Amino acid sequence: MKSITIQDVTLHLVGLPLVEKLKTSYGAEPFKSALIVELTTTDGHTGWGECPTKMRPSYAYETIATAQHVLTEFLIPAVLGKTVQSPTELPKLMGASRGHPMAKHALESAVWDVWAQANGLTLAEAFAAHLPAGHAPKGHALVGVSIGIQDTIPATLDIITKRLEQGYGRIKLKIAPGWDIELAREVRKVYPDITLMLDANSAYRLSDADHLKQFDDLGLLMIEQPLGFYDIYEHSKLQPMLQTPVCLDESIHSAGDAQMAIELGACKIINLKPARVAGYTESLDIYKICVAHDVPLWVGGLLETGVGRAANLAFASLPGVTLPCDISATDRYYQRDLTEPPFVLSAGSVIHTPAGHGLGVSVERDRLAEGAAFWRANYPYQV
Ligand code: MG
């Protein structure tokens, strides 16, 4: 495989209006924010990566502003001018800086893109090249759709109907105390057979176990992250009390966390967000752990633009990703995304991976400029 040498890195702060806001138990942000990394190599390739964290420290402690700071002052200087044989060398190059996984993920993603291009591979093939034989990409990912907290149950049912008509084969509902059991029961009455799951985003406590047991007769695919956002231990107490499989999202920050969660019986399913675990190198290690333990794995989403969506889709097309992913078609999120062509939903609730090398989508410079202008006009916290 060809090595690459990192020549230059540029950051683009962007804001994009959302077609539909996603309200969770953490609240909702007014628009989508992202920090886009543009990376060039000495042999003329340009790669792209996305830091998908939010403006507020809500889902994660990182914000767009902390990511910009850490990338500019520490991570980019650590990689400039460096030659790597593989993108899997990036975590070590950035290792002097603790934490800040989403900032690291953005830079590592851009390196995966240029490395795949330099070696004439799709991004999915680049990931598979770092796995044992037998993990060739499928060419598509199985996907579902996530529905935020609405004002009423009838409004939720209307959105579910619309998404099912669009062809989504798995529905996920965000829940919170007071917006949970009745909602799930009413949805099951109308749609007894759909593939349905819930995401609590850490809204409950272990003392709510009896409350959560009420979901057991609803035939749910899983309940995601019911307890604390760093917790594994209490989830290991909760899972044996429930028939519904528990899926961990927020609590899994590394391959070590995944190993511990599986060995303690804290979950039966893992939601992998590559940005949450500092990139695709760590993601590949989590993938291998899940395959070795026969634990179902899927790829979650953070409302990524086309840059992050293309990369997550490539990862989600690996055969060890076995459950529907939160990677919806572009039109579920944006009227104008940063990339072309848009991702579209195909029959069987799948999205196909692009055929081109690297990310396989083109980043549109005029959209980046629009996104930067939107950011400057709308960022709510700057004085
Ligand atoms: Mg989640």
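Data block above holds the structure.
Residues numbered from 1 in each chain as written. Predicted model: local features only at pLDDT ≥ 70, side-chain atom pairs only at ≥ 80, totals over all residues. Heavy atoms only, no water.

Q: What am I meant to see in the coordination of the magnesium ion here?
A: The expected angle between donors at a tetrahedral four-coordinate metal is 109.5 degrees. At an octahedral six-coordinate metal it is 90 or 180 degrees. Looking at the magnesium ion, the protein donor atoms are D199 (OD), E224 (OE) and D249 (OD), and they sit 2.2 to 2.3 Å from it. Judged by relative accessible area, which is 0%, D199 ranks as buried. (Donors = N, O, S within 2.8 Å, 3.2 Å for Na, K, Ca; no water. Buried < 20%, exposed > 50% of the residue type's maximum accessible area, 1.4 Å probe, protein only.)

Q: Could you clarify how one ought to interpret the packing of aromatic side chains in this entry?
A: Aromatic rings considered in pairs are described by the distance between their centres and by the relative angle of their planes. Evaluation of the coordinates by the stated rule reveals 12 aromatic pairs. These aromatic residues form a ring-pair network of at least three members: W112, W115, F127, Y280, Y287 and F315. Sitting above the plane of the Y333 ring, R332 keeps its charged end 4.8 Å from the centroid. (Phe/Tyr/Trp six-rings, centres within 6.5 Å; stacked < 30°, edge-to-face > 60°. Lys NZ or Arg CZ within 6 Å of the ring centre and 35° of its normal.)

Q: Explain helix α5 (residues 153-166) to me, please; I cannot follow it from the model alone.
A: Because each turn of an α-helix spans 3.6 residues, side chains separated by three or four positions in sequence point in the same direction. With 14 residues, α5 extends 20 Å from end C-alpha to end C-alpha; this agrees with the ideal 20 Å at 1.5 Å per step. Three or more residues of α5 are buried, namely I153, T156, L157, I159, I160 and R163. Down the axis of α5, the smallest arc covering the buried residues is 165°, so these residues share one side. Of the exposed residues in α5, those oriented more than 90 degrees away from the buried face are P154, D158 and E165. Close packing links the buried residues of α5 with β6 (145-147), β7 (170-174) and α6 (181-190). Of the residues flanking the start of α5, the one acting as N-cap is T152, its side-chain oxygen 3.0 Å from the backbone nitrogen of A155. In the stretch just after α5, G167 is the one whose phi turns positive, near 110°. (Helix = DSSP H or I, 4+ residues; strand = E, 2+ residues; numbered from the N terminus. Expected span 1.5 Å × (residues − 1). Arc of directions from axis to C-beta. Contact = heavy atoms within 4.5 Å. Polar contact = N/O pair within 3.5 Å; in protein donor to acceptor, adjacent residues only side chain to side chain.)

Q: Sorry, what's going on with the nonpolar core here?
A: Soluble globular proteins tend to bury their nonpolar side chains together. Counting 135 residues, the largest nonpolar core has L107, F215 and F315 as its most contacted members. The two domains that each donate at least three residues to this core are domain 1 (4-120 + 364-378) and domain 2 (128-362). Discounting residues that sit within four places of it in the chain, L107 has contacts with V9, V37, L39, L71, L75, I76, V79 and M94. (Core = buried A, V, L, I, M, F, W, Y, C linked by side-chain atoms within 4.5 Å. Domains from an automatic or database assignment.)

Q: Just to check I follow, could you spell out a nonpolar patch on the surface for this structure?
A: A contiguous nonpolar patch, built from Y61, F229 and Y230 and spanning about 360 Å² of accessible area, is present on the exposed surface. Inspection of the secondary structure puts F229 in the loop between β9 (223-224) and α8 (233-238). (Patch = residues over 30% accessible without salt bridge, like charges linked within 9 Å, V, L, I, M, F, W, Y side chains within 5 Å. Areas by Shrake-Rupley, 256 points an atom, 1.4 Å probe, with all protein chains shown as cover. Salt bridge = Lys/Arg side-chain N within 4 Å of Asp/Glu carboxyl O.)

Q: Please clarify how the environment of E224 should be interpreted in this entry.
A: In this fold, E224 is placed in strand β9. Under the relative-accessibility criterion, E224 is labelled buried at 0%. At 2.8 Å, the side chain of E224 and the side chain of K172 are in polar contact.

Q: Would you explain the sheet that holds strand β10 (residues 246-248) in this entry?
A: By definition, the strands of a sheet pair up through backbone hydrogen bonds, in either a parallel or an antiparallel sense. The 7 strands are arranged β6-β7-β8-β9-β10-β11-β12 in an open sheet whose pairing can be described as parallel. Edge positions in the sheet fall to β6 and β12 (297-299), since each of these pairs with one other strand and no more. Inspection of the sheet shows β6 paired to β7 by 3 bridges, in the parallel sense. Pairing of V145 across the sheet is with I171, part of β7. (Pairing = 2+ DSSP bridges.)

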